Amino acid sequence: VAPSAAAPPTAPPAGPTSAPPSARSLGGASTARRGRAPRTDVLGILFLRYDGACTGKLGVDELEACARELFREAATAEVLEAVHSYRDGVLRKDFYRFFTHVEGVALRALGVA
């Protein structure tokens, strides 16, 4: 009787490492298990697109260009004034706060908020 070879494992090991990389990077396997797609960080992607020098900081010129793209015709003088109040620029970690502030100015200028 010939010895039988061990069967190769057919399933990945259980635990957090078995989740797809996208689920692990956004807080664990629970996102993937619930059947939800991971959220895309649209503002983070936008920040990176304007951070051409890869400094992790946008200067006022990049912030203005970004605001003009985001708000288009709603990028009024009042909105651009709010953008220019960040004359020292904005780090990526502060970009979300910047966006929330400028978005509020834009919505008030449009009479929505």
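Residues numbered from 1 in each chain as written. Predicted model: local features only at pLDDT ≥ 70, side-chain atom pairs only at ≥ 80, totals over all residues. Heavy atoms only, no water.

What follows deals with unusual backbone geometry. Even without being glycine, Cys54 reaches a positive phi, approximately 55°. Tracing the sequence through the fold places Cys54 in the loop between helix 3 (42-50) and strand 1 (57-58). Owing to a relative accessible area of 66%, Cys54 belongs among the exposed residues under this scheme. The phi angle at Arg72 is positive, at roughly 45°, despite the residue not being glycine. Examined against the element boundaries, Arg72 turns out to sit in the loop between helix 4 (60-71) and helix 5 (77-84). (Helix = DSSP H or I, 4+ residues; strand = E, 2+ residues; numbered from the N terminus. Buried < 20%, exposed > 50% of the residue type's maximum accessible area, 1.4 Å probe, protein only.)

In this section: the packing of aromatic side chains. Here the structure, examined in full by the defined rule, presents 5 aromatic pairs. When the ring of Phe47 is compared with that of Phe95, the centres are 5.3 Å apart and the planes differ by 65°; the resulting orientation is edge-to-face. Taken as a pair, Phe47 in helix 3 and Phe95 in helix 6 (residues 92-109) lie far apart in primary sequence, 48 residues in all. Grouping residues by exposure puts Phe47 and Phe95 together as buried. One aromatic cluster is present, formed by Phe47, Tyr86, Phe95, Tyr96 and Phe98 through successive ring pairs. (Phe/Tyr/Trp six-rings, centres within 6.5 Å; stacked < 30°, edge-to-face > 60°.)

Structurally, the position occupied by Asp51 is in the loop between helix 3 and strand 1. At 7.8 Å, Arg92 is the nearest oppositely charged side chain to Asp51, a buried residue that forms no salt bridge. A polar contact is formed between the side chain of Asp51 and the backbone nitrogen of Gly56, at a distance of 2.7 Å. (Lys, Arg positive; Asp, Glu negative; His and termini not counted. Salt bridge = Lys/Arg side-chain N within 4 Å of Asp/Glu carboxyl O. Polar contact = N/O pair within 3.5 Å; in protein donor to acceptor, adjacent residues only side chain to side chain.)

Scored by pLDDT, the protein has a mean of 81; 71% of the residues are at 70 or more. This model gives residues 11-28 a pLDDT under 50, and the stretch forms 13 contacts once residues within four places in sequence are excluded. (pLDDT = per-residue confidence, 0-100. Contact = heavy atoms within 4.5 Å.)

Counting through the fold element by element, Glu64 comes out in helix 4. The class of Glu64 is buried, set by a relative accessible area of 19%. Separated by 2.7 Å, the side chains of Glu64 and His84 make a polar contact. The residues contacting Glu64, other than those within four sequence positions of it, are Leu80, Val83 and His84.

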